[in-house]
Each structure stands twice: as structure tokens, then as C-alpha cells.
Amino acid sequence: MFILALALRNLFRNTRRTVITSAAVVFGLALQVLGWGLVDGLDDNFLRAAATTTTGDILLRPPKYPTDGLSFPLEEASVPPALTGFTGDTAPRVLFSAKVVHHADAARALGVAYDPDLDYRVFPRERWRVQGVWPDKDQPQVAMGDAMARLLGVGLGDQITIQARTVDGAQNALAYAVTALVHTDNGQMDNNAVWIRMAAADELLQLQGRRTHIALHVGGLQDSTVVRDEIQASGMLKAADGQEWTAKTTREEAADLLAINDIRRKAILMLVGVIMCIAGLGIASTVVMAAYERVREIGTLLALGMKRREVGALFLVEGALLGIGAGIIGASLGSAAVLYWQVNGIVLSPELMKAQGSFPASAVIYTHFNWAPVFGSLAFSAFIATLASLFPAWFAAHLNPADAVRAD
Amino acid sequence: MTTSGTGAPLCQLTDVKKNYPMGDMVVQALKGVSVQVWPGEFTAFAGPSGSGKSTILNLIGCLDRPSEGKVFLEGRDVATLKDAELGDVRARRIGFIFQSFNLIPVLTAYENVELALRLSGADLRGQKERVEEALRSVGLSDYMTRRPAQLSGGQQQRVAIARALVKTPALIIADEPTANLDSTNGAAILDLMKAMNADNGTTFLFSTHDPMVMSRARRIVRLSDGQIVGDETPERLAPQEAAPSAPVGG
Ligand SMILES: Nc1ncnc2c1ncn2[C@@H]1O[C@H](COP(=O)(O)OP(=O)(O)OP(=O)(O)O)[C@@H](O)[C@H]1O
Ligand SMILES: [Mg+2]
């Protein structure tokens, strides 16, 4: 016990040196915890953006439809399965490439044809609406992403023309009134999506009952992976024309983006690893200097009968305390930042969102606090610090007391 | 050679040699030294610089082992003891007073004394009283919470005496205890040590080349070039006092 007390006192002996040595650990751990919270938040953000705007909990597609989420070939549209026996909510959709023209301005757009009676059960549409009302009536009306409307100078009630190819590849163009501006959790949608009732889309695209997606909401606390497997096993995905639709969970849909986040995590780990190695060298040099400066004192402790391993332990504990103390400060700072942004969110600037035009994420990133990186990094820093103190501890424990008590 | 009438010697060196390797050479710091120390002695090891005073005190204090010969302390041959056992002997049986005081700078006077008592394995009960009593006996009751840097050299050496005394050791070893003190403080420290010796019968062995210190010793062992060249009991001392294995006035 007095070894701990003595080690603690020794740390405050050269406060400046201790502070400088701790700084690297504090910085490394704060970075680790904050970086982790940010990337976990990005995960949440991607999943939320996907689930609330395009995939629901599970997304069904026709068998040959591309799953990259980048191209929307209408020729792959197909008659959807009836899903008889599925107890959750379903939202059949047709996504299509289009061009929106407003006066002299035109922009490429993603058309989202939806069923007004079903879509709201899977997607939180009312939460998105920033102006106007959803174009659910039997009229030539659409809703538009707010960023796109800004780009084209479109206001509520304005007329626009949507150009698109029909299922058979023929060009078509029809005029619509914009009745709602929406802001979703998905910046990509806000930048280039127009929402149109399925009946109106039928007229524009000549769908003949074909669909490109069905988003499912499994409801309750059910695990979407389990539900997906059940749906697949049940044969529910077989359409009337005999084609078997594919089913993917939100997490699988976002896999590419989540994989990018895993790379980000590795990058953070490497960066923090390098910082911690530097911090470890700092701790090592601090404790080595402490050991060399205190030879006479070590000799005195040995003369007073302190065991060699206790003397070694004294230096190990000094290093470990430095690592843990600085670690707690660093992890606390990082955690505080993560918790703050978990509540308040980091608002990405509109410019950044525009630059990241195809970034399927919300403009507000909520960091995600997790104990694992806090404890993980604390253990890591304690380990590095103890490791760094091994040599000085060994040095101190092996001094000859007769020589050491007379050192200057 | 001072001999004793009765009892066993506290410490006995027989033909002790100590060599220090220095590159290709070997420095013979002690070249075959035999000496006995009896309980209650107040003995100075004197001699010119490099004569082996510190070396002989290190061996008696179990800080080091001889290259040849035997060192008996309380009947045990310390040359055969392991490091940990030597540490144990130091912790329990020997107190040290150093030329440079060697207090632990981050500990207060009280804590410095307490540390020695704890390391000696003493009963936890009554520790506080013992530490306070030790500091009181060196006149530092009012300075217990001060750190070494806040004490004068003389005061620091008093703390060191309290630290050596607190565990009631068989032997206190002081290598040039007054060399870093002015003559007034040096004399005071010596008088304090002598009072402890007289009051408690604690054995003190110290080294010096200061005539003032030597004048207070009851026995002076003279070393020169690694050998004992004289062992005297100053004439002003009565013979029975010079070999106080039989307690003074007993
Ligand atoms: N650790 C060591 N390594 C090498 N030589 C040593 C060592 N310690 C002592 N010596 C040598 O042994 C001899 C005796 O040294 P010692 O320190 O015992 O002398 P001393 O009488 O205490 O001298 P001083 O009055 O200067 O303290 C000297 O020649 C010294 O150089
Ligand atoms: Mg010496």
C-alpha cells in the first residue's frame, strides 16, 4: 500500500515532466474514444438513412436487379410477390432515373414511386415533411427533396416537368405541381429525389403492375435477419411469374458503407497506436530519468530493507499510474465530447453535404457512446505505460545498495 | 585489540578481504581485516580517504558481501545470506545514518521514520507512538510534517537518527555522519548519538576523519590502505567503559 502512496507522490515530484508525458496519452485516448464514437455514430447514421428512406428493415428486389444502390434500371422491374403470410408492413416502390425541369433549369433526379396507403407504415414520412402536404390525392403532384428544390429554385406549388423512360424504353414527360418539400435522414435523397404516387408513376412509366423494390417493416422487437431467413425459407418471395425476389436486411444493404467505417476504425486504431507508442517512449524516458535521478534514494530504500521486487514494483506502479491517470483524463475528455455530440449532433455544413452529393447520410451526425473503446483504450494505455516502465523497474531493482546509497 | 570479558560479540570479521574489479585491475579495498564489535560500543573507524572505512561499514551493515573471509552478525555468517535475507537483516537489525542524510524527499519527517519502522516488520499497533517518540527524542516534535527540503542539514540528520533508532536495531552504522554539517551541528549530532548510546545501549559504529568526532568515540579503529593499523581506547576513558559489553554502571 505504501508503494502506491510513494509512487503517487513521486509522480507529482516533477509535475511539468509528468504533465508533458501525460499529454500524449491524454491526446491518444481522447482521439481514440472520440474517433470511435464518431465512426459508431456514422454507422448509426448510415443505417438510419437507409432504413428510414429506402430499405426499411428488409429490402426486396427482383432477382436480376442490381444491389449496388447506384443504378435503377427500370427494365428489371418485375411483378412483386404477394408476401401472403407476412405479418409486418410492406411498402412496394419503383425507383427510376429521371430528369426534372423547372423553367430553364434541369437536374438529374431519382424518382421514388410510392403507394400512399402503405408507404407511411414503413417510412416516417411525416417527420420528413418540412413544407406542404404529401401528394397523396389523385392529382399530378409530387414531393421534392428540399436541397434539390433549392438548387432548381422550386417553391411550393411550382410546376415542374419530369422526363423519364417507360418500362419499354420510350421517352415520356409529364407536368406536376410540387406540393411538399421534404428533408429526410438521407442527404442523397434530399439532393435529388422526387416522390410520386404509384398511380401517377404508372402513367409516366407504363409500369403495368411491375415494381422494383418492396421495403418491409418487421415490427416489434423481431430481429430482421431472422425474419429475412424465415421469409426466404417460406417461399414467400416467389412472384406470380415464378421469379424469386431477393431479400436483404438494412445492415446488409449498408454493408459497403459500414465496411468503409471499419477501414476508418482501423485507421484510427493505427493512428492511436502510433501516438501511444510515442507516449510509451515518453513514459519510458520519464521513468528511466526518474530511476537514474533517484539512485541514492533507491539505495536508501534497499538499505532500509525494502525488497528488490518492491523497489521494482514502485517504478512499475509509477508508470502504470501515469498511464492510467492520463488515460482516465484522455478517455473522459473523449467521452465528454462523444456524449455532447450524441445529444446535440454534429451538423455537417450544407456545402459539405452538396459536395458529398451521393452520400446517403443525414446532415446531422450523432456520435455514439460506447464503453468498449473507453475500457479498451484505458487498458491499452495502462499496458503501454507498464511496459515502458519495465526497464527502469529492472534497473532500480538490481542496483547494489552499497554503491547506490552513496550515489550523487 | 579490544577484547571483551563476557558475552558474544555483536559482530565479528575474520580475515575479511574485499576486492573491487576496476577494468583489468582489481582494487583491494580490504586486505584481510579481523575485528570484533561488542554490544554497546561507540566506535569510530578512522583513516585517510580510500583506507576502506566505508567498505568495512558496508560489510558490517550487510549492504555488501566480502570477497573473502567471514562476517558474523549476531552469530550468523552474512556472507552466506541471500539478497533478500540480507535485506531482512538490514530492515530489522541495522539502522543507517548517511553522510548526505538520504531522507526520502517526497515523505515528511514523520513518514520517513514511519517507513523504516514499517519495513522492519514491526507490529502495526503502537507505530504512531514509536515514530513520535523517536522524533521527540531527537528534538523534532515540532517538525514532523515537514519534508526534508524544509529542514536544515542538522535537522535532516536528526530525522535520519530517529529513522535509524525507531526500530530499536542491534546496531547503527553511520558513515561520516557529520561530513556534510558545520562543526556546531556536527558536534550536536555526535552528542545526540552518544546520548542514545548511553541511554539505550544502542551500538554505534561510525567512520570519520574529523578529530572532533574521534574525540567523542570510546574506541577508535584505525585503518590504512585496507588494513587495521590501530585499535585504541582513549586513555581518558575508564577501562570498563571502553569495553561496555558489561553494561555501564551495571
Ligand atoms: N564500488 C567500488 N568500486 C571500485 N572501487 C571501490 C568501490 N568502493 C570503494 N572502492 C575503492 O576501495 C577503496 C576503499 O574505499 P572506501 O570507500 O572504503 O574508502 P574510505 O576510507 O571510505 O574513503 P573516504 O574517506 O574517501 O570515504 C578505495 O580505493 C576506493 O577507490
Ligand atoms: Mg567513505
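Everything quoted here is computed from the prediction, not taken from an experiment.

Participant: What's the story with the overall build of chain A in this structure? I'm lost.
Facilitator: Helix and strand content of chain A: 16 helices and 12 strands. For 408 residues, the compact-globule estimate of 2.2 N^0.38 gives 22 Å, and chain A exceeds it by more than 25% at 31 Å. Its C-alpha atoms put chain A at 100 × 50 × 30 Å along the principal axes. A burial count over chain A gives 51% of its 408 residues as buried. Of the contacts made within chain A by residues no fewer than 6 positions apart, 80% connect residues no fewer than 24 positions apart. Charge-centre separation for chain A: the mean point of 34 positive side chains lies 9 Å from the mean point of 38 negative side chains.

Participant: What am I meant to see in the domain arrangement of chain A here?
Facilitator: How big an interface is tends to be reported as the loss of accessible area on association of its parts. We note that the domain assignment places domain 1 (2-49 + 256-406) and domain 2 (56-249) within chain A. On a C-alpha basis, the centres of domain 1 of chain A and domain 2 of chain A stand 49 Å from each other.

Participant: Before we go on, may I ask you to explain the site of ligand 1 in this structure?
Facilitator: Around ligand 1, a shell composed of 15 residues is seen, among which S49, G50, K53, S54 and T55 of chain B lie nearest. Positioned at a junction of chains, ligand 1 has nearby residues supplied by chains A and B. Between D403 of chain A and ligand 1, the recorded distance is 3.1 Å, taken from a side-chain N or O atom to a nitrogen atom. Between an oxygen atom of ligand 1 and a side-chain N or O atom of S54 of chain B, the distance comes to 2.7 Å. For ligand 1, whose unbound accessible area comes to 620 Å², protein coverage reaches 68%. With 3 residues, the single largest contributor to the shell around ligand 1 is helix α1 (residues 53-60) of chain B.

Participant: What exactly am I supposed to notice about unusual backbone geometry here?
Facilitator: Negative phi values dominate among residues other than glycine, just as trans dominates among peptide bonds. Phi is positive for Q208 of chain A, close to 50°, though the residue is something other than glycine. By the element assignment, Q208 of chain A lies in the loop between α7 (198-205) and β9 (213-217). The exposure class assigned to Q208 of chain A is exposed, which follows from its relative accessible area of 53%. Here C62 of chain B, not a glycine, exhibits a phi torsion of approximately 60°, which is positive. With respect to the helices, strands and loops of the structure, C62 of chain B is situated in the loop between α1 and β4 (68-73). With a relative accessible area of 0%, C62 of chain B lands in the buried category.

Participant: What's the story with a nonpolar patch on the surface in this structure? I'm lost.
Facilitator: Residues and elements named next belong to chain A. A cluster of nonpolar side chains, contributed by F380, F383, L387 and L390, occupies part of the molecular surface with about 380 Å² of accessible area. Examining the composition of the nonpolar patch, we find that 3 residues originate from one element, helix α14 (residues 371-388), more than from any other. Structurally, F380 is set in helix α14.

Participant: Help me out: how do you make sense of the interface of chain A and chain B in this one?
Facilitator: The interface of chain A with chain B comprises 22 residues on the first partner and 27 residues on the second. Counting each side, the surface lost to burial between chain A and chain B is near 2,100 Å², with a carbon and sulfur contribution of 58%. Considering only the side of chain A, the residues that lose the most area to chain B are R9, L304 and R406 of chain A, jointly responsible for 30% of the buried surface there. Where chain A touches chain B, the interface holds 4 salt bridges. R406 of chain A is paired through a salt bridge with D175 of chain B; the nearest N and O atoms lie 2.7 Å apart. Here chain A is connected to chain B by 11 residue pairs in polar contact (both at pLDDT 80 or more). Secondary-structure elements contributing two or more residues to the side of chain A that touches chain B are α1 (2-11), α11 (295-303), α12 (308-344) and α16 (401-404) of chain A. Per element, the largest residue contribution to the side of chain A that touches chain B is 6 residues, and it comes from α11 of chain A.

Participant: I tried to follow the sheet that holds β4 of chain B on my own but got confused; where do I start?
Facilitator: Either a parallel or an antiparallel arrangement is found when strands of a sheet pair, and the pairing is made through backbone hydrogen bonds. Residue and element names in this part refer to chain B. With antiparallel pairing, 4 strands are arranged side by side in an open sheet as β2-β1-β4-β5. Both outer strands of the open sheet, β2 (25-37) and β5 (76-77), are each paired with one neighbouring strand and no more. Relative to β2, strand β1 (residues 11-22) is paired through 10 bridges, and the arrangement is antiparallel. Looking across to β2, one finds that C11 is bridged to V37. Strands in contact with α1 are β1, β2 and β4; relative to β1, the strand with the most contacts, it is inclined by about 120°.

Participant: Would you take a moment to explain helix α4 (residues 127-137) of chain B for this structure?
Facilitator: Turn by turn, an α-helix covers 3.6 residues, leaving residues three or four places apart pointing in a common direction. Residues and elements named next belong to chain B. Within α4 the residues assigned to the buried category are Q127, V131, A134 and L135. The buried residues of α4 all sit within an arc of 95° when viewed along its axis, so they share a single face. Buried residues belonging to α4 abut α3 (109-119) and α5 (153-165). After α4 finishes, the residue G139 shows a positive phi value of roughly 80°.

Participant: Can you help me understand the packing of aromatic side chains in this one?
Facilitator: All told, the structure shown has 14 aromatic pairs over all chains when counted by the stated rule. Geometrically, the ring pair formed by Y292 of chain A and F395 of chain A is edge-to-face, given 4.6 Å between the ring centres and 75° between the ring planes. Of this pair, Y292 of chain A sits in helix α10 (residues 255-293) while F395 of chain A sits in helix α15 (residues 390-397); the two residues are 103 residues apart in sequence, bridging distant segments of the chain. Geometrically, the ring pair formed by F96 of chain B and F98 of chain B is stacked, given 5.8 Å between the ring centres and 10° between the ring planes. Here F96 of chain B matches F98 of chain B in class, with each residue buried. Taken together, the aromatic side chains of Y114, F123, W128, W134 and W195 of chain A make up a single cluster linked through ring pairs. Over the ring of W134 of chain A we find R125 of chain A; its NZ or CZ atom is 4.4 Å from the centre of that ring. The cationic tip of R265 of chain A hangs over the ring face of W36 of chain A; the distance from NZ or CZ to the ring centre is 5.9 Å.

Participant: Mind showing me how you'd approach the environment of T233 of chain B here?
Facilitator: Along the polypeptide, T233 of chain B turns up in the loop between β10 (227-232) and α8 (239-242). On the basis of relative accessible area, T233 of chain B is assigned to the partly exposed category, the value being 29%.

Participant: I tried to follow the state of the cysteines on my own but got confused; where do I start?
Facilitator: Cysteine pairs can be linked by a disulfide, which is a covalent bond between their two sulfur atoms. Summed over the entire model, instances satisfying the criterion amount to 0 disulfides over all chains. Free of any disulfide, C11 of chain B has its nearest cysteine sulfur in C62 of chain B, 8.4 Å distant.

Participant: Would you take a moment to explain the packing of α3 of chain B against α4 of chain B for this structure?
Facilitator: A pair of packed helices can be characterised by two numbers: the angle between their axes and the separation between those axes. Residues and elements named next belong to chain B. At a minimum axis separation of 10 Å, α3 and α4 run at an interaxial angle of 120°. Taken together, α3 and α4 sit at an angle that is classed as oblique. The handedness of the crossing between α3 and α4 comes out as right-handed. In this structure, α3 uses A109, Y110, V113, E114, L117 and R118 to contact α4, whose residues at the interface are Q127, K128, R130, V131, E132, A134 and L135.

Parameters and conventions
- Residues numbered from 1 in each chain as written.
- Chains lettered and ligands numbered in written order.
- Predicted model: local features only at pLDDT ≥ 70, side-chain atom pairs only at ≥ 80, totals over all residues.
- Heavy atoms only, no water.
- Helix = DSSP H or I, 4+ residues; strand = E, 2+ residues; numbered from the N terminus.
- Rg over C-alpha atoms; globule rule 2.2 N^0.38 Å.
- Buried < 20%, exposed > 50% of the residue type's maximum accessible area, 1.4 Å probe, protein only.
- Contact = heavy atoms within 4.5 Å.
- Lys, Arg positive; Asp, Glu negative; His and termini not counted.
- Charge placed at Lys NZ, Arg CZ, Asp CG, Glu CD.
- Domains from an automatic or database assignment.
- Near = heavy atom within 4 Å.
- Polar contact = N/O pair within 3.5 Å; in protein donor to acceptor, adjacent residues only side chain to side chain.
- Areas by Shrake-Rupley, 256 points an atom, 1.4 Å probe, with all protein chains shown as cover.
- Patch = residues over 30% accessible without salt bridge, like charges linked within 9 Å, V, L, I, M, F, W, Y side chains within 5 Å.
- Salt bridge = Lys/Arg side-chain N within 4 Å of Asp/Glu carboxyl O.
- Buried area = accessible area lost by both parts, 1.4 Å probe.
- Pairing = 2+ DSSP bridges.
- Axes fitted to C-alpha atoms, helices over the stretch in contact; angles between N-to-C directions.
- Arc of directions from axis to C-beta.
- Phe/Tyr/Trp six-rings, centres within 6.5 Å; stacked < 30°, edge-to-face > 60°.
- Lys NZ or Arg CZ within 6 Å of the ring centre and 35° of its normal.
- Disulfide = S-S within 2.5 Å.
- Parallel < 35°, antiparallel > 145°, perpendicular 65-115°, else oblique.
- Left-handed = near helix turned anticlockwise from the far one by under 90°.

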